[in-house]
Amino acid sequence: MNPILVLGAGPAGLSAASELASLGAPTILVERESFLGGNPIRWHYSLLAPDLKPAEEVIGALVKKVQADARIERHLSTTLEKAEVGAKGYRVTLKTADTSEIRDVSAVVLATGFDHFDSRRKYEYGYGRFPDVIDFKEFELMLHENKVVRPSDGRVPQRIAWILCVGSRDVQVGNPWCCRLGCAVSIKQAVEVRQKHPEVDAYVYYMDIRTYGLWEDLYWKSMQEYGVKFIRGRIGAVTPAEGGGRLLATGEDTILSRPTEVPFDMIVLASGMEPSAGTKQVAALFGVPVGPEGFLTPQLTDLNPVDSGLPGLFLAGAATGPKAIPDAVTEGMGAALRAFQYARS
Amino acid sequence: MSIVANLPRRTLSLSEEEAARPVAMHLTGRQRLSSEERTLSEKIFEEFRSDPRHHEFVLGCLNCGECTTGCPAARFYDFSPREMLQIAANGDATTLWDAMQEKIWACCQCYTCNMRCRFGNDIAGIISVMRELSVYHGLEATRRTLAPFGRSLTLLMTVGTQVSSDMIQPDFFRDWGPFATGSDKVWQVGADVMRRAIPTDVLQTTRSAWEVSVQTSLELFRIYEETGVLDMLRGLDPDLTEMLVDIIEERREEFQEARERFADEIAGMKGPVATFQG
Amino acid sequence: MLTANEIRKVVAERTAHQRGTGKKVVDVREEMEHLEEKGEIIIHRIRAVNRPVELHTLFGWTKQIPTDRLWHHKSCGQCGNIPGYPSSLLWLMNETGRTYLNEPHQTSCTAWNYHGTATSNPVALAAVAARNFHRAYETDHFPLIHCGTSYGDYKEMRKLLVENATVRTKVRDVLRKMGRDLVIPEEIVHYSEWVHAMTPELVARQKLPLSGVIATVHEPCHYYKMVPEDAVYDEAVYSGQRPAVPSGILMALGATVADYSTWYDCCGFGFRHILSEREFSRSFANLRKIRPMIEEAHADVAITSDTGCVTTLDKSQWIGKTHGLEYMLPVLSDVQFAALALGAHPYKIAQVHWHSSSAERLMTKMGIDWQAAKAEFREYLKALQSGAQPELLHPAHGEIEKFFAINKGQVLPDEAVTPAAPTATSGAGPGGRS
Ligand code: SF4
Ligand code: SF4
Ligand code: SF4
């Protein structure tokens, strides 16, 4: 049996590769970055929602498993340059900075994931203009390093705002979908801050809180136990506050129907999820149908969310839409199984 | 779960529904309106909801409030584009009527809300639709609001420009400072000389923004007549409208005289100049 | 990394889908071609004689900007209050050898009135737009729109005329009654886009270095918030994240364009407000615009590219001193500023004396001997008062043009005097009159 190719080494790809290996299939794992682990490792996520376990612990376990498995051929800093339909499966060209290698593979799992929205495109929030307006992945790094300070002057912030749905649920930037995780991650961040620095004020500005299913517990606890404040309404303008140093967040409190203006030391944007550059590339290379949002579309979104409908091509993780890590891992397993069945048939 | 499911259910009978209605009317403040106002408000509501632009401009709303945050008018008036959109989408005849009294006039028509709206609504546009209806039906509040615009409406209707330099009078525009009129003590010459110092002849007038040929203004008036603008204005201010019609009649005569006077020059010319009769 | 233009192309596709039956972001220009094929409209095309330059718009689409043989669509407020605005533009055209018509046969777009008082309706607005479009077309000069609001309105009206058959029919009928027909220009072009397209030529003629000047830009709402897809963006200006005009020319001329937090706010004009609710206009202008420009950016001058914005930002400051807001930040249009940089007379051409917030300090910084220019202008006024003929940028119009929409005064050397009649002849289309 020709090996099975897994594209992308985030949670879904790692899960697929390790599952394939345990099924006894020769596996090639290709990752464009120089490390395994995908976005959680790339951006140094701190604790993961909802259980508040350190990201490195969770993803690290998966990474170790893959690293330890001799049946998995790992290609880091490698991209897919070409893909042709082969006799069975595909003939693909793998490319690094200075090499190019042609391989025949019997099936492919696309686990190419998502990119964070570039918040400069929502200029009202002043991201890229004010150093103290940061993206929530940058805040994850601060939490990870246990160094929550204002980028502008290194002081510990006294009051922090989280703005949800930045680059999500918004036709003005062409992203009408929900990122599914922005709420949970932001609330988790607020809780983490309040755990470590109880003196810091934490405000979350929201339209809807979507801590779906059992994650709702996190939302409740954030109020009951950690005193996180929730204001319904979006911030529409960030300007320097009078008196210097702080940022004035102006918005409408849409429950009280009145304007709100609060000075903050720091503003954190829950930037949305978009199909990654890799996802767009493989969609074009393999001709996988994409939805209007640009994510890959499974053949049957309900009964078989991991089949692309094209022979020998399977999908897993955030490449098909925003997804939490456990879901991505589950899909990795499912896609591995379907790919294995296909390769063996 | 099963307990709730097994509870007996009943639906309201028609008469019970009738009985409940005054309560609803009370809640929306409908009783405040006189019966004429109620009738008119329902008529306006009908027209509003059936305007094709309603369907096109009002798509839905997440109540995010970004429109209101970016709105310059919301900063200084009791006004909110989110509220306007809500009323347009889900309001009833009374809430629409209330909004059309004063609130719609707070809007600056800057389109910031439109550019912000994550749902893609045309809020500035739907406010304009409300305004048009309020003009068309000559609502009292609208007359009051537009009372200061007689002069600029006259200019607009007769020559098609809205302001002229002779409208910028120091006593009315005192807050604009001594330079606004361009002819203050600093220069010691009259407004007409200041205008003649503008290096293009079309702008040297003080009576409109620029010189407008008679044919051009008559063409414009024809557009107003044909597209219902004159009728709208009549609903708002019948006296002003009659005055405008008189002015235009004079200009039409003037145009006919010019046709005779310049008969040789325009003979053989093609296009509107040959066919337009005023 | 995708460039801003590439990102926007993706956004355009998605937005087009999302809005579905509501407001589709479609390229109306494609639709115009179909309508012309069916004989429903005439497209006023940009031709080689217009010496077009290609720029890019919000979604990365291309837009041809004609730079020559232009029909000046003046702005009603500009000419009443800020005459230096159109005169500077005409002067720049003379300097760069561009030909144009500046006629008395234009009406305003009437959108100030519509947005202020709503005593009009979209069909009337569309007919007014189309009437001016046709006049430009029959003179064979391409319309160049001076005003942000006219530009925004004409973009809306072009969309309306293309997308709505009922409005189209109605407007065509009205126009035919006056011997005109339904013409839609290939592009709706704002004068600041002309400036952007002309940047290399203007910079080549620059006389004064501007490196010491800090300028803040007020982006006119109606330039980019109405029909956003038609506004011009350029990778070289704010990495394509904000409109390229009027910032581009200021940067090219070497001024420091300083950022401030409320750049995207409105100026406070409000159409109705600037006349009858001036407390609002001036509060907004001073507190939300002028103050951040001064305090955050330390601006020497505020530059904008719309009539209403110049008026509001300029005229609102004088009264500010009653509230301790003594800013007096000069407010100029981009063309006035550029004309000064190219050596135009500050009073005779840029007409800065109409502005309430004095430009004198700025002019000193720019190295302009404004005292001498002022003295000269004073002499000129005296001469005019005693009956001297004014110096004009283009030939004056004749007596007959007070009455008829024809052009005698400004005819270019080798041009015909009579307007060209529309050329096509199919059934519903041009030529046939009902
Ligand atoms: S998950 Fe929350 S933050 Fe993300 S788009 Fe949905 S509602 Fe907004
Ligand atoms: S258009 Fe009107 S409602 Fe919308 S932001 Fe501007 S002032 Fe507010
Ligand atoms: S911006 Fe749009 S979605 Fe948000 S509150 Fe206003 S109308 Fe609703």
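Residues numbered from 1 in each chain as written. Chains lettered and ligands numbered in written order. Predicted model: local features only at pLDDT ≥ 70, side-chain atom pairs only at ≥ 80, totals over all residues. Heavy atoms only, no water.

1. As for the overall build of chain C
Formally: A run of DSSP states H or I qualifies as a helix once it reaches four residues; a run of E qualifies as a strand once it reaches two. Both are numbered from the N-terminal end. Only protein chains enter the accessibility calculation, which uses a 1.4 Å probe; a residue is then buried when its area is under 20% of its type maximum, exposed when over 50%, and partly exposed in between. The contact criterion used throughout is that any non-hydrogen atoms of two residues lie within 4.5 Å. Using a 1.4 Å probe, the Shrake-Rupley method yields the accessible areas, and only the shown protein chains count as cover for residues.
When you go through chain C residue by residue, the secondary structure sums to 18 helices and twelve strands. Put simply, chain C has 434 residues, and 68% of those count as buried. Nonlocal contacts in chain C, meaning residues at least 24 apart in sequence, comprise 77% of its contacts between residues at least 6 apart. Total accessible area computed for chain C in this model is approximately 13,200 Å², and 53% of it derives from carbon and sulfur atoms.

2. Notes on the sheet that holds strand S8 (residues 100-105) of chain A
Residue and element names in this part refer to chain A. The condition that has to hold: At least two DSSP bridges between two strands are required for those strands to pair. For helices, the fitted line uses only the C-alpha atoms of the stretch in contact; every axis is such a line through C-alpha atoms, and the angle between N-to-C directions lies from 0 to 180 degrees.
One open sheet accounts for three strands, arranged S6-S7-S8; its pairing is antiparallel. Taken across any chain shown, the strands that pair with only one partner, and hence form the sheet edges, are strand S6 (79-85) and S8. For this sheet the average axis-to-axis angle between neighbouring strands, irrespective of direction, equals 20 degrees. Relative to strand S7 (residues 90-95), S6 runs antiparallel, the two sharing six bridges. Within S7, the position partnered with Lys82 by the bridge is Thr93. This element, helix H7 (residues 277-286), spans S6 and S7 of the sheet and lies at about 20 degrees to S6.

3. Looking at the interface of chain B and chain C
As a reminder, the rule being used: As a working definition, buried area equals the accessible area (1.4 Å probe) given up by two parts on being put together, with both sides summed. Nitrogen and oxygen atoms within 3.5 Å of one another constitute a polar contact, given that in protein one can donate a hydrogen and the other can accept it, and given that sequence-neighbouring residues count only through two side-chain atoms. Note on residue classes: Ala, Val, Leu, Ile, Met, Phe, Trp, Tyr, Cys and Pro are nonpolar, Asp, Glu, Lys and Arg are charged, and everything else, Gly too, is polar.
Residue-level contacts link 99 residues of chain B with 113 residues of chain C. Interface of chain B and chain C: buried area, both sides summed, is about 9,200 Å²; carbon and sulfur atoms make up 65% of it. Inspection of the region where chain B meets chain C yields 32 residue pairs in polar contact (both at pLDDT 80 or more). Sort the elements by how many residues they give to the side of chain B that touches chain C and helix H14 (residues 214-226) of chain B lands first, with nine residues. When grouped by side-chain class, the residues that make up the side of chain B that touches chain C number 55 nonpolar, 23 polar and 21 charged.

4. Digging into the site of ligand 3
Filter applied, for reference: Neighbouring residues are identified by heavy atoms, a residue being near a molecule or strand if any of them is within 4 Å of it.
Around ligand 3, the surrounding shell consists of B:Cys61, B:Leu62, B:Asn63, B:Cys64, B:Gly65, B:Cys67, B:Arg82, B:Leu85, B:Cys117, B:Phe119, B:Asn121 and B:Ile123. Of the residues that constitute the shell around ligand 3, the class distribution is eight nonpolar, three polar and one charged.

5. Brief notes about the nonpolar core
Soluble globular proteins tend to bury their nonpolar side chains together. The following threshold applies: Note on terminology: a nonpolar core comprises buried Ala, Val, Leu, Ile, Met, Phe, Trp, Tyr and Cys residues joined through side-chain atoms within 4.5 Å.
Among the nonpolar cores identified, the biggest contains 218 residues, and B:Met157, C:Leu92, C:Val171, C:Trp194, C:Phe337, C:Met366 and C:Phe404 are the most heavily contacted of them. Not counting the four nearest positions on each side in its chain, C:Val171 is found in contact with C:Val123, C:Ala126, C:Ala127, C:Ala130, C:Leu161 and C:Leu182. A:Leu29, A:Cys179, A:Val306 and A:Val329 belong to the second-largest nonpolar core, a separate cluster that totals 73 residues.

6. A few points about the site of ligand 1
Residues and elements named next belong to chain A. Near ligand 1 you find Leu164, Cys165, Ser168, Arg169, Cys178, Cys179, Arg180, Leu181, Gly182, Cys183, Asp208 and Arg210, and these make up its full shell. Taken together, the elements giving at least two residues each to the shell around ligand 1 come down to strand S12 (159-166) and helix H5 (182-196). Tallied by class, the residues present in the shell around ligand 1 amount to six nonpolar, two polar and four charged.

7. Details of the domain arrangement of chain A
All names here are of chain A. Definition in use: Note: domain ranges come from an automatic or database domain assignment. Should a side-chain nitrogen of Lys or Arg be within 4 Å of a carboxyl oxygen of Asp or Glu, the pair is scored as a salt bridge.
The assigned domain composition of chain A is domain 1 (4-113 + 276-344) and domain 2 (118-272). The C-alpha centroid of domain 2 is placed 31 Å from the C-alpha centroid of domain 1. Contact with domain 1, which involves 16 residues of that partner, is made by 18 residues of domain 2. Here domain 1 meets domain 2 over a buried area of about 1,500 Å², counting both sides, of which 70% is carbon and sulfur. The tally of links between domain 1 and domain 2 comes to zero salt bridges. Where domain 1 packs against domain 2, one counts four residue pairs in polar contact (both at pLDDT 80 or more). Taken together, the residues of the side of domain 1 that touches domain 2 break down into ten nonpolar, two polar and four charged.

8. Overview of the interface of chain A and chain B
Opposite the 23 residues of chain A that make contact, chain B presents 17 residues. Buried area between chain A and chain B, both sides added, is near 1,400 Å², and the carbon and sulfur share of it is 41%. A per-residue breakdown of the area chain A buries against chain B is headed by A:Gln172, A:Arg234 and A:Glu252, which together make up 31% of the total. Between the two partners, chain A and chain B, sit five salt bridges. In this structure, the salt-bridge partner of A:Asp170 is B:Arg118, at a minimum N-O distance of 3.7 Å.

9. With respect to the pattern of salt bridges
By the definition in use, this model includes 79 salt bridges over all chains. Close ionic contact of A:Arg155 with A:Asp153 constitutes a salt bridge, the shortest N to O distance being 3.1 Å. When its relative accessible area of 43% is taken as the criterion, A:Arg155 is described as partly exposed. Here C:Arg278 makes a salt bridge to B:Asp175, at a shortest N to O gap of 2.9 Å. Of this pair, C:Arg278 sits in helix H14 (residues 278-295) while B:Asp175 sits in the loop between helix H12 (150-158) and helix H13 (191-196), on two different chains.

10. Some words on the domain arrangement of chain C
All names here are of chain C. Looking at chain C, the domain boundaries give domain 1 (29-191) and domain 2 (193-384). The gap between the C-alpha centroids of domain 1 and domain 2 is 24 Å. Taken together, the contact between domain 1 and domain 2 spans 47 residues of the former and 45 residues of the latter. At the boundary of domain 1 with domain 2, total buried surface from both sides reaches about 4,100 Å², with 66% on carbon and sulfur atoms. At the boundary of domain 1 with domain 2, the tally comes to four salt bridges. Glu193 is the partner of Lys63 in a salt bridge, and the nearest nitrogen-oxygen pair spans 3.0 Å. Elements that contribute at least two residues to the side of domain 1 that touches domain 2 include exactly strand S2 (53-57), strand S3 (62-65), helix H3 (76-81), helix H4 (84-95), helix H5 (111-117) and helix H7 (148-163).

11. A closer look at the packing of aromatic side chains
The line we're drawing: Any two of the Phe, Tyr and Trp rings considered here, Trp counted by its six-membered ring, make a pair once their centres fall within 6.5 Å; the pair's planes then place it as stacked at under 30 degrees, edge-to-face at over 60, or tilted in between. Two limits define a charge over a ring: the Lys NZ or Arg CZ must be within 6 Å of the ring centre, and within 35 degrees of the ring normal.
Per the stated rule, a full pass over the model turns up 32 aromatic pairs over all chains. Seen from their ring centres, C:Tyr85 and C:Tyr191 are 5.5 Å apart, and the 70 degrees between their planes marks the pair as edge-to-face. Residue C:Tyr85 is found in helix H4, and its partner C:Tyr191 is found in helix H9 (residues 191-197); the two are separated by 106 residues along the sequence. Across this residue pair, the class does not change: C:Tyr85 and C:Tyr191 are buried. By the ring-pair criterion, three or more aromatic residues cluster together here, those being B:Phe255, B:Phe262, B:Phe276, C:Phe403 and C:Phe404. Lying over the aromatic face of A:Tyr212, A:Arg180 brings its terminal NZ or CZ to 5.2 Å of the ring centre.

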